[in-house]
Amino acid sequence: MLAAGALQTLSLAPFNIWVVGPLSVVLLLWASQALSPNHRDTEAGKSSSQNTCKGIRHPAWHGYFFGLGLFLSGASWVYISIHTYGYASPPLAASLTLVFVAGLALFHALQFYLMFRLKGPSLSLNALLFVALWVLSDAFRSVFLTGFPWLFLGYGHLETPLAGWIPVLGVHGLTAITVASGVVLYLALQLGTKLRQQPKLVAITSVVVLLWLVGPLLNQVKWTTETGKSLTASLLQINIPQELKWLPSQRRKTLALLDEMSRENWESDIIVWPETAIPLLFDQALPYLDRLAEEAKQQHINIITGIPYRQTDPVTHEHT
């Protein structure tokens, strides 16, 4: 399970070995037998606790260890943020990272819990359920507690035959195709020539193959219409080390650098600053922002950036 999760990370940047994405799904299915028909245990004398252990708790661990492999290999950069820029000691940073990763793995544990809880005797319906629960789990993870939209399988297909589907289906749609491809490959390896004896599975396989074939054709479609007017954009990078950026002693230097670099690009239609380029909260930075916004308006320029803000809790009257 850990290996299957780590393989999924290899399908994404900077590795970009996208073919291992479906292979990770194959390995996961092989190790868990998640698509196998669910034969309810009706033998007399077996306790409900035994049924619970076999049908629910154990399958959830399959998903959990898969999630551990995925996030340990793909989200370990959190350690750098906590240790290098948060100045936490290595043991503390490692512990916090492990707790964070262990928490994210619960999403896949829930996915497998539901899979083994809901699956039935039909192999084809189980295959569709597996794909649906995977996508729903990703979608839920992308919004829960402000969201953790990381390491989705669909991200690995920016330059593959599936790239043509991006404007149509988005990242979750590409994830669905990738997972379905792994499911189809697993079924082909598992059933061999017997796959042809199941029309529903053949239909699912045909649809997946068709999606791969249509992808390159969609790349030829022009999804936008030219207006004849061009816009110029300047992307600014002030390149201040993170360990210095938020120091009060560096604020004046940072704001002055933003001023200078922005004025050097007044000829552009759009200027894009880095995320949280201003090391202040929104209400603290308002005088600076208002002044710069007025100058940009006079130059007919739009400046785009992100900035943290706070609001007062109406109950406690504390800042959040």
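Structure: see above.
Computed from a prediction, not measured in an experiment: that's the story for all the values here.

Peer 1: Sorry if this is basic, but what is going on with the packing of helix α6 (residues 106-118) against helix α7 (residues 123-141) here?
Peer 2: For any two helices packed against each other, the geometry is given by the interaxial angle and the distance between the axes. Two numbers describe how α6 lies on α7: the axes approach to 10 Å, and their chain directions differ by 150°. Viewed along their axes, α6 and α7 adopt a mutual orientation that is roughly antiparallel. In the crossing of α6 with α7, the sense of the turn from one axis to the other is right-handed. In this structure, α6 uses Phe107, Gln111, Phe112, Leu114, Met115 and Leu118 to contact α7, whose residues at the interface are Asn126, Leu129, Phe130, Leu133, Trp134, Ser137, Phe140 and Arg141. Split by residue class, the contact of α6 with α7 holds ten nonpolar, three polar and one charged.

Peer 1: Looking at this model, I keep getting lost on the packing of aromatic side chains. Mind explaining?
Peer 2: Any aromatic ring pair is given by two values, namely how distant the centres are and how the planes are angled relative to each other. One pass over the full model with this rule turns up 16 aromatic pairs. Relative to Phe65, the ring of Tyr64 has its centre 6.1 Å away and its plane inclined at 75°; by these criteria the two rings are edge-to-face. What makes Tyr64 buried here is its relative accessible area of 16%. Accessibility expressed as a relative area gives 35% for Phe65, which makes it partly exposed. With 5.3 Å between their ring centres and 65° between their planes, Trp77 and Trp150 make a pair best called edge-to-face. With Trp77 in helix α4 (residues 77-85) and Trp150 in the loop between α7 and α8 (166-191), this residue pair connects regions lying 73 residues apart in the sequence. Taken together, the ring pairs in this structure connect Phe66, Phe112, Phe116, Phe130 and Trp134 into an aromatic cluster.

Cut-offs applied
- Residues numbered from 1 in each chain as written.
- Predicted model: local features only at pLDDT ≥ 70, side-chain atom pairs only at ≥ 80, totals over all residues.
- Heavy atoms only, no water.
- Axes fitted to C-alpha atoms, helices over the stretch in contact; angles between N-to-C directions.
- Helix = DSSP H or I, 4+ residues; strand = E, 2+ residues; numbered from the N terminus.
- Parallel < 35°, antiparallel > 145°, perpendicular 65-115°, else oblique.
- Left-handed = near helix turned anticlockwise from the far one by under 90°.
- Contact = heavy atoms within 4.5 Å.
- Nonpolar A, V, L, I, M, F, W, Y, C, P; charged D, E, K, R; others polar.
- Phe/Tyr/Trp six-rings, centres within 6.5 Å; stacked < 30°, edge-to-face > 60°.
- Buried < 20%, exposed > 50% of the residue type's maximum accessible area, 1.4 Å probe, protein only.

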